[in-house]
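Tertiary structure, described
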Amino acid sequence: MSKTMELGVQGMTCASCVGRVERGLTKVEGVEQATVNLATERATVQYDPEQTSPAALIEKVKAIGYEPVTGTLDLGIQGMTCANCVGRVERALKKVDGVLDATVNLATERASIRYLPASVSPGQLKAAVVSAGYGVLEAEAGQDRTDQEREAREREVQALRRAVTFSAIFAVPLLILAMVPMLYMPFHMWLTSYIDMKTLNWIMLALAAPVQFGPGLRFYRLGWKSLVHRSPDMNSLVMIGTSAAFLYSLVATMAPQLFPEGTAHVYYEASAVVITLILLGKYFEAIAKGRSSEAMKKLLGLQAKVARVVRNGEELEVPTDEVLIGDLISVRPGEKIPVDGQVVSGNSFVDESMITGEPVPVSKQAGAGVVGGTINQNGAFAFQATKVGADTALAQIIKLVETAQGSKPPIQGLADKVVSVFVPVVLGIAALTFVLWLLFGGQTALSFALVNMVAVLIIACPCAMGLATPTSIMVGTGKAAELGVLFRNGAALEGLQGVKVVAVDKTGTLTKGKPELTDLVTTAGMDRQTVLRLVAAAEGQSEHPIAQAIVDATRREGMTLPTPDHFEAVPGFGLEARVDGHLVQVGADRYMTRLNLDTSAFTAQAHQLGDEGKSPLYAAIDGQLAAIIAVADPIKEGSLEAVQALHAQGLRVAMITGDNARTAQAIARQLGIDEVLAEVLPSGKSDAVKELQAKGQSVAFVGDGINDAPALAQADVGLAIGTGTDVAVETADVILMSGDLRGVPNAYALSRATLRNIRLNLFWAFAYNIILIPVAAGALYPAFGWLLSPVLAAAAMGFSSVFVLTNALRLRGFRPPVRPGPITVVPPVSQPARA
C-alpha cells in the first residue's frame, strides 16, 4: 500500500533543478511518482514503504545536490513510568507519516524528534503522544523552560508525597492487622477474643478500598491504556496483580461459602501495601531524578537574565535575549557576562571555570574575548556583542549536553530489545504460575496460585531497566560539561572508552601552534638584552612568522624597538639592517659562512637544538658573531602530563604531523609518544588514521584545524580542541572546551566510569528479574518451603529503581585523573622553512 510524503527542498533555482530532483527521486526503487513545485519548494512523493523509506528519499535529494528541509522538536513527556512507556511513545511517534526518527529518554522525560515539516506539524506530533496515553508538557507564554520543567517535577513529587501519605494512613494499620497475628500468636489470640474473623475481614476491606480506588487509580488509568494499545507496561502489571488480590479477597469476604472449608483467606494487605510501597518507590525515584538533572540546571542557571546595554550614550537594562550583535554592553564587578563578545575598554579578571574547568580567573583587556555566562571579578569593562542567543558558547554547550543526555548509546539497544518482549513474557509466566499452583497446590491451591501470581507481576516491573542507561548518560555528560568536556551524543561517550590508540595532531594541539623564541645564546662579551633588541628591530621589517616570534619576545620583555635606518633581505641567506648605527645580519649558518664568520663556538648548542627539532639561526653585529637563536613551535603546557596520563590508562599515543621527521621525532622523544607519522600532507591525515585502524585497533583522533576535519570524521572517535576552528568542532564527537590536551585523559576516564556505571545498572536490572521472578513464582517452595510475599516483592521492585538512580548519581563524585588547565591555544600559524 503506497504512501505520500511531502518534502521541502532548498537550493532549487529554475525548472532544470525541478526536473533534476524529480528524475533523481523517481530512480529510487519503490518510488511510484515524484512531483516537485519550484514556487513552494516542495516535493510530493508517492512511494511503497516496503521498498524504500523517507530517510532514503532524503539521502537521494542530498546526493543530487539539494538540501532537504528537516526539523527537530523536543517535547516534555508526562506520565512515563518504565521502559515500556518509552518504547510505546517512540512507536507512536515513528508511526506518524513524516517522522524520520524519535528518541525518548525516561530519565529526562523528553522526546527528541526529527521530522519533515512539510509532512507533519508539531501539533500532530503532540497529538500522537497524547493518543498513546501520555501528556505533553506545554510551555506557557514567557515562561523559561527550566522553570517550567522544575515546576512540573515539583508537582509530580508533591502529588506522589500526598499519595504515599494517604495510602500509608490506611496501609499501615492494615499491615498490622494482617501480618502481626501471623508472626506473634499472643496478639492473634488477643485480637480474635474481641473481633471474629468475618468482622476483621470487613475492617480490612474498609482499609484497603480507599487505597485501591484512591491512589491506586493511577495504575488503572495508565495500565488500562497500555493494555488497550496492546503494549502492557509496569502499570498494567500492578493493575492486574493488585486487582487480582483485592477481588479474590472481596469474594472471600462477601461469599466465603464459595470456597472449600478453611481456604477463604483474604489478601487485602497484598494489594494496599503493594500500592503504597510502589508509590513510595516512585516518590524516591522522582526525587533522585531531579538530582540527576542538576548539572543541566547548573548550566542553564549560568545564563544571565539581563544585560546592561549602552544605547545612545545611555545604559539600559534589557533581557539578554533582546541583545543584538554589535551592542555595547557594560559589565560591573561581580556580574555575569550576558553574551559572547570582545572587550572594547576597561580591564578585569573573569572566572571562566564554566568553560575551562579551571578556577584561576583570566585577565581581560581591550581586544580580549569574553564568554556569556562567565563571571566578572574585580574590574569594570565594556565589550561589544559578537554572538547572541543560540549562537553563544554557553547556548551551544547547553544544546550539546541536552542532545547527549537525550541520545541512546549502542549499549541501550540490548535493554530496548529485552524490554520490548519482557512484559508480555512476564504476563505469560504469571499465568503459568497461577495454573501450575492451581493444579499442584493441594488444598490451598487457589490461595497459593493467587499470591504467587501477584508476586510475579509485582517483582517484574521493568522500571530499573528503563532508567539504567539514561540516568548514567545524563549524570555522566553533565559531569563532563563541568570539566570542560562536551560529548556530542551517547554513542561518543560509549565509543571513547573502547579506544586503544589516541592519535594527536601536532600543531595547535600538542604545540601552541605559533612560533616563539625558545633559545638565544650570546658569545662572550655580548649582552643578551642588547642583541635581542637589535635583532628584533631588524626582524621587525619582515612579515615572516619567525621574525614575528622574535619581535613578540621583546614585547613580552617590555622593550621598545628602534626603527632601522636601512633594511635589506638577502634571498636564500637572511637579512641585513642598520639599527642605531650597528650593522645587524641574521640568517642560517651558510649566511655566516658567506660573511666569513666561524660558527664553531656554537657547535654544541647547534647539535642540541637539532636534537630538539629546532633549526638554529645566527646573528652577527658589526661583523662579529653575536648569538645563536632558535625559534620553534613550543610544546603546549599540559601536553606531557596528558600523554603520561594516557599511558597510565593503558593507551598508546601516536602523533600525526606534516612536519619533517626530525622535528616530529624530537617532540615525540620529549613527550614520550609511542608512534610518529610525519611529513603527512593535510589531505593525508585521514589516511594516516586509516593506517592506524588497519592494525585492528579503535582509534581516537585529537585535532583543532580545518585540515583535521577529515581525520576527525574518519576516527572511531574524534576529539576537537574547542578553541580551534568551527569546522573541526562541528566534525568532532567530543569537544575539549579548555583547549587543553589534558581534557583527553579526563574524557577517556569519565567515559570508562560512565560505561562501568551503565553495565552495573543493567546487570542489576536484569539479574534482579532473572533471579527473583522464579523465587516469586514459588520455585524455592518444594525444597525450602519459601514463598515471596507480594509485599516484599513490591519493596524489592522499588529498591531496584532507587538503586539504579543512586548508582548513577555516584558519577557526580568523579575525580578527573588530570586537572584541566586554562585556555592557552591560539590560531595555528604555518611555519615555512627559513632560508
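Residues numbered from 1 in each chain as written. Predicted model: local features only at pLDDT ≥ 70, side-chain atom pairs only at ≥ 80, totals over all residues. Heavy atoms only, no water.

Further remarks concern the overall build of the protein. For the protein, the count of helices and strands is 30 helices and 30 strands. In the protein, which comprises 835 residues, the share counted as buried stands at 53%. Considering only intrachain contacts with a sequence separation of at least 6, the fraction spanning at least 24 residues in the protein is 69%. When the accessible surface of the protein is totalled, it reaches about 36100 Å², and 57% of it is carbon and sulfur. (Helix = DSSP H or I, 4+ residues; strand = E, 2+ residues; numbered from the N terminus. Buried < 20%, exposed > 50% of the residue type's maximum accessible area, 1.4 Å probe, protein only. Contact = heavy atoms within 4.5 Å. Areas by Shrake-Rupley, 256 points an atom, 1.4 Å probe, with all protein chains shown as cover.)

The next point concerns the sheet that holds strand 5 (residues 71-78). Pairing in this open sheet of four strands is antiparallel, and the strands run 6-7-5-8 from one edge to the other. The open sheet has two edge strands, strand 6 (99-105) and strand 8 (135-137), and neither has a second partner. Within this sheet the neighbouring strands show an average axis-to-axis angle of 35 degrees, counted without direction. Contacting strand 5, strand 6 and strand 7 (110-115), helix 3 (residues 83-94) runs over the sheet at an angle of about 165 degrees to strand 6. (Pairing = 2+ DSSP bridges. Axes fitted to C-alpha atoms, helices over the stretch in contact; angles between N-to-C directions.)

Attention now goes to helix 2 (residues 54-64). Those residues of helix 2 that sit buried are P54, L57, I58, V61 and I64. When helix 2 is viewed along its axis, its buried side chains cluster within an angular range of 120 degrees and face the same direction. G65 sits one or two residues past helix 2 and shows a positive phi near 115 degrees. (Arc of directions from axis to C-beta.)

Moving on, we come to the UniProt feature "transmembrane region" (unreviewed entry) in the protein. The UniProt entry lists residues 163-187, 199-217, 237-259, 265-284, 418-440, 446-469, 762-781 and 787-809 under the feature "transmembrane region" (unreviewed entry), expressed in the numbering used here. Between the end C-alpha atoms of residues 265-284 the distance is 33 Å, and the span holds 85% helix and 0% strand. Overall, residues 762-781 shows 85% helix and 0% strand. The separation of its end C-alpha atoms is 28 Å. (UniProt positions renumbered as here; feature names shortened; annotations may be inferred.)

The next thing to look at is a positive patch on the surface. Among the surface-exposed residues, K500, R752, R756, R759 and R810 lie close enough to one another that they form a single positively charged patch. Within the secondary structure, R756 is located in helix 28 (residues 743-777). (Patch = residues over 30% accessible without salt bridge, like charges linked within 9 Å, V, L, I, M, F, W, Y side chains within 5 Å. Salt bridge = Lys/Arg side-chain N within 4 Å of Asp/Glu carboxyl O. Lys, Arg positive; Asp, Glu negative; His and termini not counted. Charge placed at Lys NZ, Arg CZ, Asp CG, Glu CD.)

Attention now moves to the pairing of strand 26 (residues 652-656). With four of its five residues buried, strand 26 lies for the most part within the structure. Relative to strand 26, strand 19 (residues 501-505) runs parallel, the two sharing five bridges. When the bridges of strand 26 are listed, D505 appears paired with I656.

Where helix 24 (residues 661-671) is concerned, the buried positions are T663, A664, A666, I667, A668 and L671. Where helix 24 is buried, its residues meet helix 18 (506-510), helix 22 (603-611), helix 23 (639-648), strand 26 and strand 27 (675-677). Taken from the residues just after helix 24, G672 is the one with a positive phi, measuring 75 degrees.

Another aspect to go through is the packing of helix 15 (residues 445-459) against helix 28. One can describe the packing of helix 15 onto helix 28 by two numbers: an axis separation of 8 Å at closest approach and a directional angle of 170 degrees. With respect to their mutual orientation, helix 15 and helix 28 come out roughly antiparallel. As helix 15 packs across helix 28, the resulting crossing turns out to be right-handed. Packed against helix 15, whose contacting residues are N452, A455, V456 and I459, the element helix 28 presents Y768, N769, L772, I773, A776 and A777 at the interface. (Parallel < 35°, antiparallel > 145°, perpendicular 65-115°, else oblique. Left-handed = near helix turned anticlockwise from the far one by under 90°.)

Okay, the pairing of strand 25 (residues 624-632) next. Of all nine residues that make up strand 25, eight are buried, and the element is covered over most of its length. The pairing of strand 20 (residues 516-522) with strand 25 spans six bridges and is classified as antiparallel. Paired with V521 across the two strands is I628, which belongs to strand 25. For strand 24 (residues 616-621) and strand 25, the ladder comprises six bridges, and the chain directions are antiparallel. Counterpart to A620 in the pairing with strand 25 is L625. The turn linking strand 24 back onto strand 25 is made up of two residues, and D622 within it adopts a positive phi angle of 55 degrees.

Before going further, it helps to examine the nonpolar core. Formed by 130 residues in total, the largest nonpolar core has its most connected members in I113 and F487. Considering every element that reaches this core, the biggest residue donor is helix 28, with 15 residues. In terms of nonpolar packing, the next biggest core, distinct from the first, is built from 26 residues, A536, A538, A549 and M559 among them. (Core = buried A, V, L, I, M, F, W, Y, C linked by side-chain atoms within 4.5 Å.)

This part is about a nonpolar patch on the surface. A grouping of L432, V435, L436, L439 and F440 is seen on the molecular surface, where their side chains present a nonpolar patch of about 540 Å² in accessible area. For F440, the location among the structural elements is in helix 14 (residues 412-440).

With phi around 60 degrees, N596 is a residue other than glycine that occupies positive phi space. Mapped onto the elements, N596 comes out in the loop between helix 21 (589-594) and helix 22. At D622, a position not held by glycine, the phi torsion is positive, near 55 degrees. Its location among the elements puts D622 in the loop between strand 24 and strand 25.

This part takes up the packing of aromatic side chains. Overall, the coordinates contain twelve aromatic pairs when judged by the stated rule. Geometrically, the ring pair formed by F246 and Y268 is edge-to-face, given 5.8 Å between the ring centres and 70 degrees between the ring planes. With F246 in helix 9 (residues 234-254) and Y268 in helix 10 (residues 268-292), the pair connects residues that are 22 residues apart, well separated along the chain. Comparing F246 with Y268, the two get one shared label, buried. Consider the rings of W437 and Y781, whose centres lie 5.4 Å apart with planes at 65 degrees: the pair is edge-to-face. Here W437, found in helix 14, pairs with Y781, found in helix 29 (residues 781-784); they are 344 residues apart in sequence, far enough to count as distant. Taken together, the aromatic side chains of F213, Y220, F246 and Y268 make up a single cluster linked through ring pairs. One cation-aromatic arrangement involves R594 over F573; the distance from NZ or CZ to the ring centre is 4.6 Å. (Phe/Tyr/Trp six-rings, centres within 6.5 Å; stacked < 30°, edge-to-face > 60°. Lys NZ or Arg CZ within 6 Å of the ring centre and 35° of its normal.)

Mapped onto the secondary structure, T509 falls in helix 18. Reaching out from T509, the side chain makes a polar contact with the side chain of D505 at a distance of 3.4 Å. The contact partners of T509, leaving out residues within four places of it in the chain, are V504, K636, S639, V702, G703, D704, I721 and L741. (Polar contact = N/O pair within 3.5 Å; in protein donor to acceptor, adjacent residues only side chain to side chain.)

Turning to its location among the elements, S348 is positioned in strand 13 (residues 348-351). Among the polar contacts listed, one links the side chain of S348 to the backbone nitrogen of G379, at a separation of 3.0 Å. In contact with S348, other than residues within four places in its own chain, are V362, S363, K364, N376, Q377, N378, G379, A380 and F381.

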